[in-house]
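# A structural walkthrough
Below are the chains, spelled out letter by letter.
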2 protein chains.
Amino acid sequence: MIETPYLLFLGDAPDQLAAKVAQGIKDWRPENAVGQFRLPGCGADVGLTDMSLQQGLDAGARTLVIGVANRGGVISQDWKDVLIQALEMGYDLASGLHNLLREERDLTSAAQMHGGTLHDVRVPTDAYPIANGRKRSGKRVLAVGTDCSVGKMYTALALDEAMRKRGMKSTFRATGQTGILITGHGVPLDAVIADFMAGAVEYLTPENAADHWDIIEGQGSLFHVSYSGVTMALIHGGQPDALILCHEPTRETMRGLPEYGLPTLEQVRDTALPLARIPNPACEVIGVSINTQHMSDAEAERYLAEVEARLALPSVDPFRQGADRLAEALAAL
Amino acid sequence: MIETPYLLFLGDAPDQLAAKVAQGIKDWRPENAVGQFRLPGCGADVGLTDMSLQQGLDAGARTLVIGVANRGGVISQDWKDVLIQALEMGYDLASGLHNLLREERDLTSAAQMHGGTLHDVRVPTDAYPIANGRKRSGKRVLAVGTDCSVGKMYTALALDEAMRKRGMKSTFRATGQTGILITGHGVPLDAVIADFMAGAVEYLTPENAADHWDIIEGQGSLFHVSYSGVTMALIHGGQPDALILCHEPTRETMRGLPEYGLPTLEQVRDTALPLARIPNPACEVIGVSINTQHMSDAEAERYLAEVEARLALPSVDPFRQGADRLAEALAAL
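None of these values were measured; they are calculated from a predicted model.

Let us now look at the interface of chain B and chain A. Taken together, the contact pairs 38 residues of chain B with 38 residues of chain A. Across the interface of chain B and chain A, roughly 3,100 Å² is buried in total on both sides, 62% from carbon and sulfur atoms. Summed over the shared surface of chain B and chain A, the number is two salt bridges. Where Asp195 of chain B meets Arg122 of chain A, a salt bridge forms, and the shortest distance between an N and an O atom there is 3.9 Å. At the surface where chain B touches chain A, the tally comes to 10 residue pairs in polar contact (both at pLDDT 80 or more).

The structure is reproduced here in structure tokens:
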């Protein structure tokens, strides 16, 4: 649906985490991104060549993708000049922000005038049902985290890759803007109306072959007070057979909540598993995924060994090591 | 905002539970309802005089309130004839259904032609923030249930009444269509976009005097897989100081989920309290509210005594007994 390749717009992202949309595209579909576009003061860098809009066009880019997630998701005036210029030059725009491209009159005018398309991937495209809780055929696995932005999507994408390599049947099910931008489809769960959240997850993960796995992208955390309701809907709508615990060990406070410390992996396990067993009494925690990006190799190795001993579960960093051991644990389930 | 008194439209409600909107208005603001209007086959009766539209007008009614909550919230064609006729006769319409009055072209046409107003109380009227989790001054109490429709709103309204009688400062905070129709304001939480649910609850229960209590209307249940995300947002956005457990002992399966049994009160306590302590470590469960409407006096008394002994908490049916003992427990906190 969205024309590739992309030029990734990082804007004035204050830090690397704010650019996780662009980072995800670069890491999982690098062939889809010709470069990155940054404004002065941008604190993020996803490791692509910095390009102007013209350089992006010259490299073949068709769509300028807003690769930065703001708190609140507002399109600032600083961005507008660039976005309008991109439309004038023939780009399409794609965005996963709450503040929709189509809500901005100057953008819709420029798009109409220059024949560009505005893709708001955050907008739900279907009328989701209310969840009915009925057991569906096929298997499902969900990543649950100690916090937001600890690597749940990475874990799911790496697991999908590892399972396919083993010859297992699997489908990555995107529930957020990055996943949707990467795969081209999914449910933008945080934009769904409250009553239909769990139903949207049921819709996203329908009945399937008995040996097929849906790998559901997690969102938020049961311990993140801003978004815990979304996480809950994933657990109850997804009726997972398996949970993977995700954590970023150097994080000191919850993302966006400076007064909140992180829970332990044990707390997440002991909170999420009983809730997951309401729709699926057979659910098990099968592994731990640690985001060790801020650790040295030696630190990461030590930490993973410690967690593995403590929780008696395969514990890996899927970005450093791949997710083979998690795929193996699912195959053994 | 909505002109009173009302004629309560029960439509073709299949059972009494489906008419809980009308029942709530009749029980808590009886002076606002002149009668009930029922279609053939209606399985609900809130105990008001059956009236035609003309009889309602003659009795002074200004607004026809849709007092029935369907699963999915669709306005059926069977209802349309009545609603259009009501507009032709000079009524306003008010509704809390997902399927909005304003989305139905025949209703908007009739309203324009005859000068009537369409009130969709389910539609959020404000742009809610993302929750920030910061501790707010003032006290808050939240009812959490084993299931939907077990008496959480009744408990909150009865508690509000009991607290005011004791001279305590309290405000009932409506989070659903019935509560909003009764009090004229609130947040229609199940219609809020997922990311803003907890923020909407923070917005609804702002900083207040240290001795003021917000009595937050509960929604859904942590054990109801269709709506548990909404319940979670209430627990984390409301940061309650006190929880009240609500239960209907004759219910055999979860509302709308025939394959799911109900949890015990102990399970609700042990699940909800640790989650409530994430934003508010001081939170306590202070009492139990039992909906004994399907029990005899003797059965109710026996059951309440058994629960009180088992949970070591004041256990009352606020509809039969008032909520004085719950108010007392809050005063003692």
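Residues and elements named next belong to chain A. In contact at an axis separation of 8 Å, helix H7 (residues 197-204) and helix H8 (residues 228-238) are set at 45 degrees when each is read in the N-to-C sense. Our classification of the angle between H7 and H8 gives oblique. The way H7 lies across H8 gives a crossing that is right-handed. Along its contact with H7, which presents Met197, Ala198, Val201 and Glu202, the element H8 presents Gly229, Val230, Ala233, Leu234, Gly237 and Gly238. Residues belonging to the contact of H7 with H8 are distributed by class as follows: six nonpolar, three polar and one charged.

A separate point is the relation of the copies chain B and chain A. Of the transformation placing chain B onto chain A, the axial shift is 0.0 Å and the rotation is 180 degrees, giving an RMSD of 0.0 Å. Taken together, the rotation angle and the small translation identify this as a two-fold axis. The fraction of interface residues of chain B whose copies in chain A are also interface residues reaches 100%, indicating that both copies meet through the same surface.

Right, let's get into the pairing of strand E9 (residues 242-247) of chain B. All names here are of chain B. In terms of burial, E9 is a largely internal element, six of the six residues being buried. Residues Ala242, Ile244 and Cys246 point to one face of E9 and Leu243, Leu245 and His247 to the other, with burial holding for every one of them. Across five bridges, strand E6 (residues 139-145) lies against E9 in parallel orientation. Its bridge partner lying in E9, Leu142 is registered against Leu243. The pairing of E9 with strand E12 (residues 284-290) spans six bridges and is classified as parallel. Of the residues in E12, the one forming a bridge with Leu243 is Val285.

Side chains that carry opposite charge are capable of pairing whenever their charged atoms lie near each other. Residue and element names in this part refer to chain A. Taken as a whole, this structure holds 44 salt bridges over all chains when the rule is applied. The closest approach of N and O atoms between Asp15 and Arg255, which form a salt bridge, is 3.9 Å. Of this pair, Asp15 sits in the loop between strand E1 (6-11) and helix H1 (20-28) while Arg255 is found in the loop between strand E10 (253-254) and strand E11 (257-261), placing the two residues 240 residues apart along the sequence. For Asp15, a relative accessible area of 29% corresponds to the partly exposed category.

This next bit is on the pairing of strand E7 (residues 169-173) of chain A. Residues and elements named next belong to chain A. Counting buried residues in E7 gives four out of five residues, a clear majority hidden from the surface. Relative to strand E8 (residues 212-216), E7 runs parallel, the two being bridged by five bridges. When the bridges of E8 are listed, Thr171 appears paired with Asp214.

Right, let's talk about the packing of aromatic side chains for a bit. Residue and element names in this part refer to chain B. Within the structure shown, the criterion is met by 10 aromatic pairs over all chains. Ring plane angle 20 degrees and centroid distance 5.8 Å describe the contact between Phe9 and Phe37, whose orientation is recorded as stacked. On the criterion of sequence distance, the pair formed by Phe9 in strand E1 (residues 6-11) and Phe37 in strand E2 (residues 33-38) is long-range, its members being 28 residues apart. An identical accessibility class is assigned to Phe9 and Phe37; each is buried. Relative to Trp79, the ring of Phe9 has its centre 5.3 Å away and its plane inclined at 80 degrees; by these criteria the two rings are edge-to-face.

Cut-offs applied
- Residues numbered from 1 in each chain as written.
- Chains lettered and ligands numbered in written order.
- Predicted model: local features only at pLDDT ≥ 70, side-chain atom pairs only at ≥ 80, totals over all residues.
- Heavy atoms only, no water.
- Contact = heavy atoms within 4.5 Å.
- Buried area = accessible area lost by both parts, 1.4 Å probe.
- Salt bridge = Lys/Arg side-chain N within 4 Å of Asp/Glu carboxyl O.
- Polar contact = N/O pair within 3.5 Å; in protein donor to acceptor, adjacent residues only side chain to side chain.
- Axes fitted to C-alpha atoms, helices over the stretch in contact; angles between N-to-C directions.
- Helix = DSSP H or I, 4+ residues; strand = E, 2+ residues; numbered from the N terminus.
- Parallel < 35°, antiparallel > 145°, perpendicular 65-115°, else oblique.
- Left-handed = near helix turned anticlockwise from the far one by under 90°.
- Nonpolar A, V, L, I, M, F, W, Y, C, P; charged D, E, K, R; others polar.
- Least-squares fit on C-alpha atoms with pLDDT ≥ 70 in both.
- Buried < 20%, exposed > 50% of the residue type's maximum accessible area, 1.4 Å probe, protein only.
- Pairing = 2+ DSSP bridges.
- Phe/Tyr/Trp six-rings, centres within 6.5 Å; stacked < 30°, edge-to-face > 60°.

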